[in-house]
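Overview (structure and organization)
The chain contents come next:
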Amino acid sequence: MINIAIDGPSGAGKSTIAKAVAKAKGYIYVDTGALYRSIGLWVARKDIAKEDKENIISELDNITLELGYVEGTQRVYLNGEDVSNDIRTPEISMYASAVSAIPEVRAFLLDLQRDMAKKHNVIMDGRDIGTVILPDATVKIFMTASPEGRAKRRYKELCEKGIETTYEEVLSDMIERDRNDSTRDVAPAVPAEDAIHFDNSSDGIENSVAELIEIIDKAIEAKK
Ligand code: DC
């Protein structure tokens, strides 16, 4: 199977670019952030505090998560309910970041992610795909962009979805989330040693997609 790992901070453009690459190459796009967000949503709905690790861990017994694809788009099911839209709010982003720092939560999601990669050619988007989930991935990409560029992109996405927020709020949430995600003890969002660094600040989407496809094709050729 071909397994492409795409890691990097939020808003670097991973999902937009990975989706386009998946479409062009016929791979399945796996958004692993949706899994952490779904657990965050469950915790928020239960009125459990983000810091309450003990109760968050015991809730894992009450959660089943599944990924499905509807017309090529990933959907995530939390105990059978499609929560794909509910997990995209700024509040749930912060819950996702908090639950993702808990080792038991990460262990809970490990098999689901590895199974997808075992069964399908995937391009998997996350923070620890190249370092932890798929250490033998065909290609590992670490995608970055400036915080301002990333916040601008995220702000635009949220506005388009009709979610009320400000650019300043998005930027400060993003900086806080980056700090949480990259300094936590388990699976911090850092590049794998053999990751290819990909700066997505300036290029238009089409250029980035073409460049990434070239990198992937070369790596597949080299492994033959
Ligand atoms: O990619 P995203 O913004 O949807 O991710 C939501 C949160 O989940 C983010 O704060 C980091 C965390 N996450 C993670 O720790 N590991 C992953 N593989 C994907 C996401």
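Let me sum up the structure you'll find in this document.

Conventions used here
Residues numbered from 1 in each chain as written. Predicted model: local features only at pLDDT ≥ 70, side-chain atom pairs only at ≥ 80, totals over all residues. Heavy atoms only, no water. Helix = DSSP H or I, 4+ residues; strand = E, 2+ residues; numbered from the N terminus. Expected span 1.5 Å × (residues − 1). Buried < 20%, exposed > 50% of the residue type's maximum accessible area, 1.4 Å probe, protein only. Arc of directions from axis to C-beta. Contact = heavy atoms within 4.5 Å. Core = buried A, V, L, I, M, F, W, Y, C linked by side-chain atoms within 4.5 Å. Pairing = 2+ DSSP bridges. Axes fitted to C-alpha atoms, helices over the stretch in contact; angles between N-to-C directions.

As a further point, take helix H1 (residues 14-25). Between the first and last C-alpha of H1 there are 16 Å, a value that for 12 residues agrees with the 16 Å anticipated at 1.5 Å per step. Lys-14, Ile-17, Ala-18, Val-21 and Ala-22 are the residues of H1 that are buried. Looking straight down H1, one finds that the buried residues subtend no more than 135 degrees of arc, so they occupy a single side. Those residues of H1 that are exposed and aimed more than 90 degrees away from the buried face are Lys-23 and Ala-24. Among the structural elements, strand E1 (3-7), strand E2 (28-31), strand E6 (122-126), strand E7 (139-144) and helix H9 (205-223) are those in contact with the buried residues of H1.

What follows covers the nonpolar core. Within the largest apolar cluster, 35 residues are counted, with the highest numbers of intra-cluster contacts made by Ile-39, Leu-65, Val-76, Val-105 and Met-124. Considering each element in turn, this core owes the most residues, eight residues, to helix H2 (residues 33-45). Non-local contacts of Leu-65, meaning those with residues more than four positions away in its chain, are made with Leu-35, Ser-38, Ile-39, Val-76, Tyr-77, Leu-78, Phe-108, Leu-109 and Leu-112. Residues Ile-4, Ile-6, Val-209 and Ile-216 belong to the second largest nonpolar core, which totals 20 residues.

What follows covers the sheet that holds strand E8 (residues 196-199). Strand order across the open sheet formed by five strands is E2-E6-E1-E7-E8, with parallel pairing between neighbours. The two strands at the open ends of the sheet, each matched to only one other strand, are E2 and E8. Sheet twist, expressed as the average angle between the axes of neighbouring strands with direction ignored, equals 20 degrees. Packing of H9 onto the sheet brings it into contact with E1, E7 and E8, and relative to E7 it is tilted by some 155 degrees.

These figures capture arrangement, not role.
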